[in-house]
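Single-letter residue listing:
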Amino acid sequence: MDFLDRLTEPGLDLLGRVDTLLAAGAPEGHRVWPLLRRMQVLPGDALRGFLDLRPGPLATAGHAVRRHVHGYDHACAALTDPVLWSGSAAMAYGQSRAMLLRHLDEGPESLVGRLEATAGYADALADWVEGSRLAVARALAEVIGSTEAVAVVAATSVRRMTSDAGTSGSGAAAAEIGARVLAVLCVAYDGAETLLRQWSPSLAESPWRPGGGRFRPDTGPAGGRTTRVGW
């Protein structure tokens, strides 16, 4: 349980009240309007959707992806074992296995390179979620203890809902709380989009690209005969 988990219940309660007041309108020209248009959701619903984001599964995914690298290491080791035979077929095999080794583990565009990039992206997302949850929690702590929260709760209480909900004072308070929360969530989602742009080139598909000049065993030395050495 993190800081945001501890604030979830009072935060959702307050923002549910904020949503009720914002549904009746907000002061013209208030900074909450562009945030509402951008997020396309009221503050309470925005928080509810964000709460499902957890860093743990992403960090676990990064570790799981890295474990696959060992399998490629074993495959590369098998391909680099010395071959005790010679001739045109041996030369063709040497060319093929050299290309395969490059495809498996040589540079960022190899399969191992893509695996490591995928794991790195998962780690970066986990860090983003952790940092974003902390930022949202801090924003919630501020608005829960604010004077605007008092006005919103008073306006949406059962006793005063009919007469006071939607008045200019409570509407302005709700708009201010909504703007603070939505602004932090916008920054968080901007961070996610930035990560995707940064990592996308490293996450592209790594297609198999065999060399153009393939060796033909029947044109090699010794008329295509293969000689086994060491027997």
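This text goes with the structure placed above it.
Going along each chain's sequence as written, the residues are numbered from 1 onward. In keeping with the predicted nature of the model, local features appear solely for residues at pLDDT of at least 70, side-chain atom pairs appear and are counted solely at 80 or more, and the whole-chain, interface and lining totals rest on all residues. Hydrogens and water molecules were not included; the side-chain quantities draw on all heavy atoms of the structure.

How would you explain the nonpolar core if you had to name every residue and give the values?
To define a nonpolar core, start from buried Ala, Val, Leu, Ile, Met, Phe, Trp, Tyr and Cys residues and group those joined through side-chain atoms within 4.5 Å. Burial classification: accessible surface area is computed with a 1.4 Å probe over protein chains only, and a residue below 20% of its type maximum counts as buried, one above 50% as exposed, and the rest as partly exposed. Formed by 40 residues in total, the largest nonpolar core has its most connected members in Leu 140, Val 152 and Ile 177. Strands here are runs of E lasting at least two residues and helices are runs of H or I lasting at least four, both read from the DSSP assignment and numbered beginning at the N terminus. Every element with two or more residues in this core is listed here: α1 (3-23), α2 (32-39), α3 (43-50), α6 (111-144), α7 (147-155) and α9 (168-199). In terms of residues, this core owes the most to one element, α9, which gives 12 residues. Core analysis: the second largest hydrophobic core is formed by 5 residues, Val 65, Val 69, Leu 115 and Ala 119 among them.

Describe the packing of aromatic side chains, with residues and values.
Two numbers describe a pair of aromatic rings. These are the distance of the centres and the angle of the planes. Each aromatic pair joins two rings of Phe, Tyr and Trp (for Trp, the six-membered one) with centres within 6.5 Å, and gets the label stacked for planes under 30 degrees apart, edge-to-face for over 60, and tilted for any other angle. Applying the stated rule across the entire model yields 2 aromatic pairs. Arranged with centres 6.3 Å apart and planes meeting at 80 degrees, the rings of Phe 50 and Tyr 189 form a pair that is edge-to-face. Of this pair, Phe 50 sits in helix α3 while Tyr 189 sits in helix α9, and the two are 139 residues apart along the sequence. Judged by its relative accessible area of 28%, Tyr 189 falls in the partly exposed class. Ring geometry for Tyr 121 and Trp 199: centres 6.2 Å apart, planes at 45 degrees, overall tilted. Taken together, the residues span a long stretch of sequence, with Tyr 121 in helix α6 and Trp 199 in helix α9 at a distance of 78 residues.

Talk me through unusual backbone geometry; I want residue IDs and the actual numbers.
Of note, Gln 40 is a non-glycine position whose phi angle comes to about 60 degrees, a positive value. Here Gln 40 lies in the loop between α2 and α3.

Quick rundown of the environment of Gly 120? Include the residues and the values.
Along the chain, Gly 120 falls in helix α6. C-alpha of Gly 120 to C-alpha of Trp 199: the two residues are 79 residues apart in sequence and 8.8 Å apart in space. Working rule for contacts: check all heavy atoms of both residues, and any pair within 4.5 Å makes them a contact. Once residues within four sequence positions are removed from consideration, Gly 120 is found in contact with Arg 66 and Trp 199.

Can you explain the packing of α1 against α7? Please cite residues and give values.
Note on method: axes are straight lines fitted to C-alpha atoms, helices fitted across the in-contact stretch only, with angles between N-to-C directions ranging 0 to 180 degrees. Put simply, α1 and α7 touch, their axes get as near as 9 Å, and they point 70 degrees apart. Regarding the angle of α1 to α7, the classification is roughly perpendicular. When the axes of α1 and α7 are compared, the crossing they make is left-handed. Counted together, Leu 14, Arg 17, Val 18 and Leu 21 of α1 and Ala 149, Val 152, Val 153 and Ala 155 of α7 form the full contact between these two elements. All residues other than Ala, Val, Leu, Ile, Met, Phe, Trp, Tyr, Cys, Pro, Asp, Glu, Lys and Arg, Gly among them, are scored as polar; the first ten of these are nonpolar and the last four charged. Its residues placed into classes, the contact of α1 with α7 shows 7 nonpolar, no polar and 1 charged. Note on terminology: angles under 35 degrees are roughly parallel, angles over 145 are roughly antiparallel, angles of 65 to 115 are roughly perpendicular, and the others are oblique. Here a crossing is taken to be left-handed if its near helix is turned anticlockwise relative to the far helix by less than a right angle, and right-handed if that turn runs clockwise.

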